[in-house]
Amino acid sequence: MTILVTGVAGFIGMHVAETLLAGGRKVIGIDNLNPYYDVKLKKDRLNRLDLYSNFTFYELDISDRAALYKALGDHSKISLIVHLAAQAGVRHSLTRPFDYTAANITGFLTILELCRQLENLKHVVYASSSSVYGANTKMPFSVSQTTDSPLSLYAATKKANELMAHSYAHLYDIPMTGLRFFTVYGPWGRPDMAYWRFTEQIMKGKPVHIYNHGDMKRDFTYIDDVVKGILEVLVNPPEIKEGHVPHRVYNIGNNRAERLLDFVEIIEKTLGVGAKREFMPMQPGDIKETYADIDPIHRDVGYEPATSLDEGLPKFVNWYKEYNKG
Ligand code: UGA
């Protein structure tokens, strides 16, 4: 049994692949190593995976379908896919919209078409986002709510992925599950996200830019909980049966809405250094509050996050200090 992990040099991808490899699974990883953020970090993540003899890596762009099918089309052994390759980032989608259509629309379709070629495929788990809840205000965000009001192109592409997956699951009986990730953080994380930027800025004595004057809440989810959730879902595909589309969507969050200002305080406390707070207006495309209802994923696969922000955020900060000590 071989598992394909796309976006394997990314934050979540590396952790998923590492857990699978350590458990003795065969993993094929793909990534285009694009320069959205420091490529050295992506290569360092890959170096960890290269330690495993059961790991194979292809440097591939998911929007290049000829190259992708040439490399993977005859891999009849691929039975599971964790599709995480995407252009991420909410606010970045306002300045680089075409990067989002290339990776998240064309790239996503390329993966769906690849799925049709893999005769032993059992399940595809793909990344959606809490941002699909957009202008919704009813808390907690539940998968039973309508999500037709995205506030950014990024969110719109993630919603489009859910619809595209549904159509392919219906047409070709490919079992698929979309996971709406809620602001995932932890060691080996993403430099464009608030936890990384704030830690870096505080350590350098630079001001931290706090959006919407700090009046924000996020359901922050620790990476180990996310990996556990992905793997619990992966081995529990939706059933293929008459009159039923084998596609579903879950939230994967921590089930707590934390205040952004408390988040800054935890980083300050861990570093033992005060932040220079620079309060800024709400940014276009941003969501004020997120909070995940995780009852369905708990009920169906037993997902239960175990890491509070107080415990997880210092783990990131301590990893960051170690990684950057040079
Ligand atoms: C993050 C990721 O960037 C998306 O890829 C992912 O899909 C999304 O989570 C999700 O959960 O769906 P976001 O929640 O906006 O998006 O995460 P951050 O960029 O880390 O921002 C967290 C909070 O800090 C937000 O309230 C944001 O406005 C705020 N922030 C961010 C600041 O106040 N200052 C900054 O410099 C950066």
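Our structure is the block above this text.
## Concerning the site of the ligand
Point 1. Taken together, the neighbourhood of the ligand is formed by 23 residues, with Arg91, Ser129, Tyr154, Thr183 and Asp286 sitting nearest.
Point 2. Within the backbone of Thr183, a nitrogen or oxygen atom sits 2.5 Å from an oxygen atom of the ligand.
Point 3. The separation between a nitrogen atom of the ligand and a polar main-chain atom of His209 is 2.6 Å.
Point 4. Isolated, the ligand exposes 700 Å² of accessible area, and the fraction of that covered by the protein chains is 97%.
Point 5. Mapped by element, the contributors of at least two residues to the shell around the ligand are α6 (194–203) and β8 (207–210).

## Focus: the packing of helix α4 (residues 97–117) against helix α5 (residues 153–172)
Point 1. Two numbers describe how α4 lies on α5: the axes approach to 10 Å, and their chain directions differ by 15°. By the angle between their axes, α4 is roughly parallel relative to α5. Here α4 runs over α5; the crossing is right-handed. Counting all contacts with α4, which are made through Pro97, Tyr100, Asn104, Ile105, Phe108, Leu109, Leu112, Glu113 and Arg116, the residues of α5 involved are Leu153, Tyr154, Thr157, Lys158, Ala160, Asn161, Met164, Ala165, Tyr168 and Tyr172.

## Concerning the packing of aromatic side chains
Point 1. Using the criterion set out here, one finds 21 aromatic pairs in the structure.
Point 2. Aromatic side chains Trp188 and Trp319 sit 5.2 Å apart centroid to centroid with 50° between the ring planes, which places their arrangement in the tilted category. Here Trp188, found in the loop between β7 (184–185) and α6, pairs with Trp319, found in helix α10 (residues 309–323); they are 131 residues apart in sequence, far enough to count as distant. Across this residue pair, the class does not change: Trp188 and Trp319 are buried.
Point 3. Three or more aromatic residues joined by ring pairs make a cluster, and in this case those are Tyr185, Trp188, Tyr195, Trp196, Phe198, Phe220, Tyr222, Phe263, Phe316, Trp319, Tyr320 and Tyr323.
Point 4. One residue, Lys42, lies across the ring of Tyr37, its end atom 4.7 Å from the ring centre.

## What to know about the pattern of salt bridges
Point 1. Scanning the model with the defined rule gives 16 salt bridges in all.
Point 2. With a closest N to O distance of 3.2 Å, Glu113 and Arg116 form a salt bridge. Taken together, the residues Glu113 and Arg116, both in helix α4 and three residues apart, mark about one turn of the helix.
Point 3. Glu113 sits in the partly exposed class, given a relative accessible area of 25%.

## Structural notes on the nonpolar core
Point 1. Core analysis: the biggest nonpolar cluster contains 70 residues, and Ile12, Val16, Phe181 and Ile230 have the highest contact counts within it.
Point 2. In contact with Val16, not counting residues within four places along its chain, are Val5, Val82, Leu84, Val227, Ile230 and Leu231.
Point 3. Among the nonpolar cores identified, the runner-up in size contains 28 residues, and Leu68, Ala71, Leu72 and Leu114 belong to it.

## Describing the sheet that holds strand β11 (residues 247–252)
Point 1. One open sheet holds the seven strands; their spatial order is β3-β2-β1-β4-β5-β6-β11, and the pairing between them is parallel. At either margin of the open sheet sits one strand with a lone partner, and together these are β3 (55–59) and β11. The mean angle between the axes of side-by-side strands here comes to 20°, regardless of whether they run parallel or antiparallel.
Point 2. Two elements, strand β5 (residues 123–129) and strand β6 (residues 176–181), share six bridges in a ladder whose sense is parallel. Looking at the pairing, Ala127 lines up with Leu179 of β6.
Point 3. Contacting β1 (2–6), β4 (78–83), β5 and β6, α4 crosses the sheet at an angle of about 165° to β4.

## Quick word on the environment of Gly272
Point 1. Within the secondary structure layout, Gly272 lies in the loop between α8 (260–271) and β13 (276–279).
Point 2. Judged by its relative accessible area of 65%, Gly272 falls in the exposed class.
Point 3. Spatially, the C-alpha atoms of Gly272 and Met203 are 9.7 Å apart, while their sequence positions differ by 69 residues.

## Here we look at the side chain of His83
Point 1. Here His83 is to be found in strand β4.
Point 2. Since its relative accessible area comes to 3%, His83 is described here as buried.
Point 3. The contacts of His83, once residues within four sequence positions are left out, are Thr6, Ile62, Phe108, Ile111, Val125, Tyr126 and Ala127.

## Regarding the environment of Trp319
Point 1. Classification of Trp319 by relative accessible area gives buried; the value is 13%.
Point 2. A C-alpha to C-alpha distance of 30 Å links Trp319 and Asp99, two positions 220 residues apart in sequence.
Point 3. With near-sequence residues (within four places) excluded, Trp319 lies in contact with Leu41, Pro187, Trp188, Gly189 and Trp196.

## Some remarks on the packing of α6 against α8
Point 1. Where α6 meets α8, the axes come as close as 10 Å, and the angle between the chain directions of the two elements is 45°. Judged on the interaxial angle alone, α8 and α6 are oblique. α6 and α8 meet at a crossing whose hand is right-handed. Listed contacts from α8 to Ala194, Tyr195, Phe198, Thr199, Ile202 and Met203 of α6 are Leu260, Phe263, Val264, Ile267, Glu268 and Leu271.

Rules of the game
- Residues numbered from 1 in each chain as written.
- Predicted model: local features only at pLDDT ≥ 70, side-chain atom pairs only at ≥ 80, totals over all residues.
- Heavy atoms only, no water.
- Near = heavy atom within 4 Å.
- Polar contact = N/O pair within 3.5 Å; in protein donor to acceptor, adjacent residues only side chain to side chain.
- Areas by Shrake-Rupley, 256 points an atom, 1.4 Å probe, with all protein chains shown as cover.
- Helix = DSSP H or I, 4+ residues; strand = E, 2+ residues; numbered from the N terminus.
- Axes fitted to C-alpha atoms, helices over the stretch in contact; angles between N-to-C directions.
- Parallel < 35°, antiparallel > 145°, perpendicular 65-115°, else oblique.
- Left-handed = near helix turned anticlockwise from the far one by under 90°.
- Contact = heavy atoms within 4.5 Å.
- Phe/Tyr/Trp six-rings, centres within 6.5 Å; stacked < 30°, edge-to-face > 60°.
- Buried < 20%, exposed > 50% of the residue type's maximum accessible area, 1.4 Å probe, protein only.
- Lys NZ or Arg CZ within 6 Å of the ring centre and 35° of its normal.
- Salt bridge = Lys/Arg side-chain N within 4 Å of Asp/Glu carboxyl O.
- Core = buried A, V, L, I, M, F, W, Y, C linked by side-chain atoms within 4.5 Å.
- Pairing = 2+ DSSP bridges.

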